[in-house]
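# Results of the structural survey
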Amino acid sequence: EAAAQLAEPLGGERRWLEATHPIITGEGLDGGTDVTRVTYRSYTQLQGSPGTGPSLAAIFVGERPAVIISARDLSVGALGSRHYRVNGYAPDSARDLLSNILLWAEQTRSAP
């Protein structure tokens with residue numbers, strides 16, 4: 001899998017983000033959104049019960065998530081494209097998740 005191939009040269013390990021992580025809760029992010037409950041595209045729901053929370057993992061280098069990984073598509077949803085056979089998030093959820101990821105990355109980049 002791609003995550004394992006990327007984790008090796010970074011010296012990191014792949015782990016699921018905890019439900020309390022700021023990327024998911026939006027806490028501490030200026031303009032962040034609570035995405036502990038998300039909506040999935042119809043195709044994803046037809047494939048089985050995806051649950052109500054996001055499927056986000058990361059490659060951790062030390063205790064810091066260095067690369068965020070989504071088990072479901074974010075890009076097509078964020079664009080609002082109406083392709084049927086896409087296993088991913090509905091547009092609002094995809095945009096909120098991407099927004100939190102970018103806000104978190106900016107915040108941690110500029111942190112001392």
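This report concerns the structure included in the present document. Predicted model, so just to flag it, every value in this text is computed and none were measured.

Definitions and limits used
- Residues numbered from 1 in each chain as written.
- Predicted model: local features only at pLDDT ≥ 70, side-chain atom pairs only at ≥ 80, totals over all residues.
- Heavy atoms only, no water.
- Pairing = 2+ DSSP bridges.
- Helix = DSSP H or I, 4+ residues; strand = E, 2+ residues; numbered from the N terminus.
- Axes fitted to C-alpha atoms, helices over the stretch in contact; angles between N-to-C directions.
- Contact = heavy atoms within 4.5 Å.
- Expected span 1.5 Å × (residues − 1).
- Buried < 20%, exposed > 50% of the residue type's maximum accessible area, 1.4 Å probe, protein only.
- Arc of directions from axis to C-beta.
- Phe/Tyr/Trp six-rings, centres within 6.5 Å; stacked < 30°, edge-to-face > 60°.
- Lys NZ or Arg CZ within 6 Å of the ring centre and 35° of its normal.
- Patch = residues over 30% accessible without salt bridge, like charges linked within 9 Å, V, L, I, M, F, W, Y side chains within 5 Å.
- Areas by Shrake-Rupley, 256 points an atom, 1.4 Å probe, with all protein chains shown as cover.
- Salt bridge = Lys/Arg side-chain N within 4 Å of Asp/Glu carboxyl O.

## Here we look at the sheet that holds strand S3 (residues 64-70)
Read across the sheet, three strands follow the order S1-S2-S3 without closing on themselves; strand pairing throughout is antiparallel. The open sheet has two edge strands with one neighbour each: strand S1 (13-16) and S3. Looking at each pair of strands side by side, their axes are set apart by 35° on average, direction ignored. Taken strand by strand, helix H1 (residues 2-10) contacts S1, strand S2 (56-61) and S3, and its axis lies near 20° from that of S2.

## Here's the deal with helix H5 (residues 91-109)
Over its 19 residues, H5 extends 27 Å from the first C-alpha to the last, a length consistent with the 27 Å expected when each residue adds 1.5 Å. Those residues of H5 not exposed but buried are Ser93, Ala94, Leu97, Asn100, Ile101 and Trp104. For H5, the buried positions fall inside an angular range of 130° around the axis, keeping them on one side. Facing away from the buried side of H5 by more than 90 degrees, the exposed set consists of Asp92, Leu102 and Arg109. On its buried face, H5 sits against helix H2 (22-25), S2, S3 and helix H4 (75-79).

## Observations regarding the packing of aromatic side chains
A ring pair, where both rings are aromatic, is described by two values, the distance of the centres and the angle of the planes. Applying the stated criterion to the full structure yields two aromatic pairs. Judged by centre distance (5.0 Å) and plane angle (25°), the rings of tyrosine 40 and tyrosine 89 are stacked. A residue pair is termed long-range when its members are at least 10 positions apart, and tyrosine 40 in the loop between H2 and helix H3 (42-46) and tyrosine 89 in the loop between H4 and H5 qualify at 49 residues. Take tyrosine 40: its relative accessible area is 4%, and that puts it in the buried class. A relative accessible area of 0% places tyrosine 89 in the buried class. Between the aromatic rings of tyrosine 43 and tyrosine 84, the centroid separation amounts to 5.4 Å while the plane-to-plane angle is 75°, which identifies the pairing as edge-to-face. Of this pair, tyrosine 43 sits in helix H3 while tyrosine 84 sits in the loop between H4 and H5, and the two are 41 residues apart along the sequence. Directly above the aromatic system of tryptophan 16 lies the positively charged group of arginine 14, at a separation of 4.8 Å from the ring centroid. A cation over a ring is seen here: arginine 72 above tyrosine 40, with NZ or CZ 5.3 Å from the ring centre.

## A few points about a nonpolar patch on the surface
A grouping of Leu6, Leu10 and Val61 is seen on the molecular surface, where their side chains present a nonpolar patch of about 210 Å² in accessible area. Among the secondary structure elements, leucine 10 is positioned in helix H1. The class for leucine 10 is partly exposed, based on a relative accessible area of 38%.

Distances and angles like these do not, on their own, reveal function.
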